[in-house]
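# Reading the structure
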Amino acid sequence: MYSSVQFDSVMLKKYDTFGPRYTSYPTAIQFNPAFTGSDYKREIELSNGIGKPLSLYFHIPYCKSLCFFCACNKIISHSDQARTVPYLERLYKEIKLQANLVNSDRQVNQLHLGGGTPTYLNDDQLAELMAVTADEFNLAPIGSREFSIEVDPRTVRENTISMLAEHGFNRISFGVQDLDIKVQQGVNRIQTYDQNMAVIDAARTSGYASISLDLIYGLPFQTVEGFDRTLERIIAMQPDRLAVYNYAHMPHRIKAQKLIKEQDLPDAATKLGLLELTITRLQEAGYVYIGMDHFALPDDELVKAMENGTLQRNFQGYSTHADTDMIGMGMTSIGKTDNCYSQNQRYEKAYFQDIDEGQLAIMQGYSLSADDQVRRDVIQRLMCQGLVEFESISQQFGIDFHHYFAEELQRLKPLANDGLIQLQESDISILPLGRLLLRNIAMVFDIYRPRTVTDQLFSKVI
Ligand SMILES: C[S@@+](CC[C@H](N)C(=O)[O-])C[C@H]1O[C@@H](n2cnc3c(N)ncnc32)[C@H](O)[C@@H]1O
Ligand code: SF4
């Protein structure tokens, strides 16, 4: 059964290399500034012809304090809440610009507020953002929409969680990371058990369909014993979903991470121990491994989607909503249509400047070639279904899979010999041992990887 996963430290060490997480293919490294607003407009027009439903992403970058590990695109602003006003002014202008480009009959069935910390906005601002969005876009009726938000339990106000539910939010994720005080001190994020329970209780009372918690393994001062205590208490909280991220330590790219001393990080053996513990404990507790750090309870929609083959992978991780085009709004956000990716300006100043000039704030993007499309589909199937049937790909793209991927099929043989995959005449299927090494398997189909793989660009697989 695809949901089972096997931990093997020898194989994990053997395949522990740097690699992309494939929230997109090609990955963001391939995006380039030659892709401009007019390319984007052309791509959106093409997507209107296909008319897929929409998924909206809003990036709210502000946070009250810096977590030393954080790799997100954020602006730390301890007390200057007024700073959000000029940001929202631009965001509303962008919402109008973007909405004008898409056909009004295209329904929004998925919406995500991410950050930074979206609840850095006050309740009136959050309500206003939803009202502006509802005015400009065609939001699906409550019941057929999936609206989600990332919330920091340390700073969210008491009534915000219920207020968001009234605005149609039905999925919520809370950043927790670790309950161990020494680890919390090491990453500058003190967060009590009571703070976590208070927000979980509020989300349950407000009727959220899915509550998710974020943890990270590989943080400074983490030990297997300490993380075991954390997991025990987290399991007792019974979140519907858990993301247990592998800490990506890339201080050369993310300056704040320089505040974490290398010598305080768990060594390779401890990190493997943390991963093994996580998988064992969560599986014992009945959680199903979805893939790439994500777990869910068996009755969660993600598990059902995994079992019936409708699971998707996008910039927010795994999702149940198949086949949407994503419109990203706010600085640094990424959008996606069938044929392109686009990314907004990374810095506040450049974002403001573009919007003030009445134009989209696109910093870079990418139009997919026919070859990219085939490879993206193969990688998506590997990451979400664990199965690539050659005939199905051949028919969909008018190719002969064996011929087209002759080299890749050769390169997969050692992975098959190591028990990561089963390589048959008609398909590739991921075996329990390969489920923790999905990106190594996907990398075989990534045509850009030989040119782009360096430790400067990607995090480690383990
Ligand atoms: C935008 S934050 C979540 C919302 C809110 N800002 C908070 O921290 O509670 C997204 C999540 O990304 C994860 N994350 C951030 N930096 C990371 C890193 N360097 N490695 C692994 N996970 C990371 C954390 O688990 C964090 O909760
Ligand atoms: S983890 Fe969350 S709260 Fe901490 S700096 Fe990153 S985005 Fe902000």
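Cut-offs used in this document
Numbers given for residues are sequential positions, taken from 1 along each chain in its written order. Ligands are numbered from 1 and chains lettered from A, in the order in which they are written. Since the coordinates come from a predicted model, pLDDT governs what is reported: local features require at least 70, and pairs of side-chain atoms require 80 or more to be given and counted, while whole-chain, interface and lining totals use all residues. The basis for every side-chain value is the complete set of non-hydrogen atoms in the structure, without hydrogens or water. Secondary structure is summarised from DSSP: a helix means a run of H or I of at least four residues, a strand means a run of E of at least two, and numbering begins at the N terminus for each. The globule rule is 2.2 Å times the number of residues to the power 0.38, and the radius of gyration it is compared with is taken over C-alpha atoms. Relative accessibility decides the category of a residue: with a 1.4 Å probe and only protein chains considered, values under 20% of the type maximum give buried, values over 50% give exposed, and everything between is partly exposed. Only heavy atoms matter for contacts: two residues are in contact if any of them lie within 4.5 Å across the pair. In this description, accessible areas are obtained by the Shrake-Rupley approach with a 1.4 Å probe, and a residue is regarded as covered only by the protein chains that are shown. Counting rule for charge: Lys and Arg are taken as positive, Asp and Glu as negative, and neither His nor the chain ends is counted. Charged side chains are reduced to one point each, which is NZ for Lys, CZ for Arg, CG for Asp and CD for Glu. Any residue with a heavy atom positioned within 4 Å of a molecule or strand is treated as near that molecule or strand. For this scheme, ten residues count as nonpolar: Ala, Val, Leu, Ile, Met, Phe, Trp, Tyr, Cys and Pro. Four count as charged, namely Asp, Glu, Lys and Arg, and the remainder, Gly too, count as polar. Throughout, the edges of the domains are those of an automatic or database domain assignment. Accessible-area loss on putting two parts together, using a 1.4 Å probe and summing over both, is the definition of buried area adopted here. Definition used for salt bridges: Asp or Glu carboxyl oxygen within 4 Å of a side-chain nitrogen of Lys or Arg. Taken from the helix axis, the directions to the C-beta atoms give the arc we talk about. Only buried residues count toward a nonpolar core. Its members are Ala, Val, Leu, Ile, Met, Phe, Trp, Tyr and Cys residues joined through side-chain atoms within 4.5 Å. N or O atoms within 3.5 Å of each other form a polar contact, as long as, within protein, one can give a hydrogen and the other can take it, and as long as residues adjacent in sequence are counted only when both atoms are side-chain atoms. Lines fitted to C-alpha atoms define the axes here, with helix axes fitted over just the stretch in contact, and angles between the N-to-C directions of these axes take values from 0 to 180 degrees. Should an angle fall under 35 degrees it is called roughly parallel, over 145 degrees roughly antiparallel, and 65 to 115 degrees roughly perpendicular, with every other angle called oblique. In this scheme the crossing of two helices becomes right-handed for a clockwise turn of the near helix relative to the far one and left-handed for an anticlockwise turn of less than a right angle.

Counting its secondary structure elements, the protein chain contains 17 helices and 20 strands. Rg of the C-alpha trace for the protein chain: 22 Å, near the compact-globule value of 23 Å for 462 residues, within the 12% margin. Once the C-alpha set of the protein chain is aligned to its principal axes, its extents read approximately 60 × 55 × 40 Å. Buried positions account for 58% of the 462 residues belonging to the protein chain. Taking all contacts inside the protein chain whose residues are at least 6 apart in sequence as the whole, residues at least 24 apart take part in 73%. Of the roughly 18900 Å² of accessible surface on the protein chain, a fraction of 50% belongs to carbon and sulfur atoms. Computed over 44 positive and 58 negative side-chain charges, the inter-centroid distance for the protein chain is 5 Å.

Another aspect to go through is the site of ligand 2. Lining the immediate environment of ligand 2, one finds Cys63, Ser65, Cys67, Phe69, Cys70, Gly116, Thr117, Asp152, Arg154 and Arg189. Within the shell around ligand 2, the residues separate by chemical class into four nonpolar, three polar and three charged.

Per the domain assignment, the segments of the protein chain are domain 1 (1–24 + 370–462) and domain 2 (27–327). Relative to domain 2, the C-alpha centre of domain 1 lies at a distance of 26 Å. Contact with domain 1, which involves 32 residues of that partner, is made by 34 residues of domain 2. For the domain 1 and domain 2 pair, buried surface summed over both sides reaches about 2800 Å², with 62% attributable to carbon and sulfur atoms. For Asp293, the salt bridge goes to Arg21, with nearest N and O atoms at 2.8 Å.

Along helix H13 (residues 390–397), the residues classified as buried are Phe390, Ile393 and Ser394. Projected down its long axis, H13 carries its buried residues within an arc of 100°, all on one side. Exposed and oriented more than 90 degrees from the buried face of H13 are Glu391 and Gln395. Gly398 lies just past H13 and shows a positive phi near 65°.

A word on the environment of Thr337. Mapping Thr337 onto the fold places it in the loop between strand S15 (334–336) and strand S16 (340–344). With 283 residues separating them in the primary sequence, Thr337 and Leu54 have C-alpha atoms 9.5 Å apart. Look past the residues within four positions of Thr337 in its chain and what remains in contact with it is Glu43, Ile44, Ser47, Asp325 and Arg376.

The tendency in soluble globular proteins is for nonpolar side chains to be buried as a group. Within the largest apolar cluster, 126 residues are counted, with the highest numbers of intra-cluster contacts made by Leu91, Phe137, Phe174 and Phe445. Each of two domains, domain 1 (1–24 + 370–462) and domain 2 (27–327), supplies a minimum of three residues to this core. Sequence-distant contacts of Phe174, that is, excluding residues within four places in its chain, are made with Val151, Pro153, Ile161, Val199, Ile200, Ala203, Ile211, Ser212, Leu213 and Asp214. Membership of the second largest hydrophobic core comes to 11 residues, among which are Cys67, Phe69, Cys70 and Ile216.

Around ligand 1 lies a shell of 20 residues, among which Phe69, Gly116, Gln177, Arg189 and Asp214 are the nearest. A distance of 3.4 Å separates an oxygen atom of ligand 1 from a polar backbone atom of Gly175. Contact between ligand 1 and Gln177: an oxygen atom at 2.7 Å from a side-chain N or O atom of the residue. Listing elements by their share of the shell around ligand 1, those giving two or more residues are strand S6 (146–151), strand S7 (171–177), strand S8 (210–217) and strand S9 (241–246). Classifying every residue of the shell around ligand 1 by side-chain character gives nine nonpolar, seven polar and four charged.

What follows is about the pattern of salt bridges. For the coordinates displayed, the defined rule picks out 21 salt bridges. In this structure, the salt-bridge partner of Arg189 is Asp152, at a minimum N-O distance of 3.4 Å. Linking Arg189 in the loop between helix H6 (181–186) and helix H7 (193–205) with Asp152 in the loop between S6 and helix H5 (160–166), this pair joins segments that are 37 residues apart in sequence. Per residue, the accessibility class of Arg189 equals that of Asp152, and both read buried. Close ionic contact of Glu301 with Arg171 constitutes a salt bridge, the shortest N to O distance being 3.2 Å. Taken together, the residues span a long stretch of sequence, with Glu301 in helix H10 (residues 301–308) and Arg171 in strand S7 at a distance of 130 residues. The exposure class assigned to Arg171 is buried, which follows from its relative accessible area of 9%.

Before going further, it helps to spend a moment on the packing of helix H3 (residues 84–101) against helix H11 (residues 348–356). Close contact between H3 and H11 brings their axes to 10 Å; oriented N to C, the two are set at 50°. Considering their axes alone, H3 and H11 lie oblique with respect to each other. Between H3 and H11 the crossing geometry is left-handed. Residues Pro86, Tyr87, Arg90, Leu91, Lys93, Glu94 and Leu97 of H3 pack against Tyr351, Phe352, Ile355 and Asp356 of H11. Partitioned by chemical class, the residues of the contact of H3 with H11 number seven nonpolar, no polar and four charged.

Let's shift gears to H10. Within H10, the full set of buried residues consists of Leu302, Val303, Ala305 and Met306. Projection of H10 onto a plane perpendicular to its axis shows the buried side chains occupying an angular sector of 160°, all on one side. Of the exposed residues in H10, those oriented more than 90 degrees away from the buried face are Glu307 and Asn308. Residues of H10 that are buried in the fold lie against S9, strand S10 (288–291), strand S11 (294–296), strand S13 (317–319) and helix H12 (370–384).

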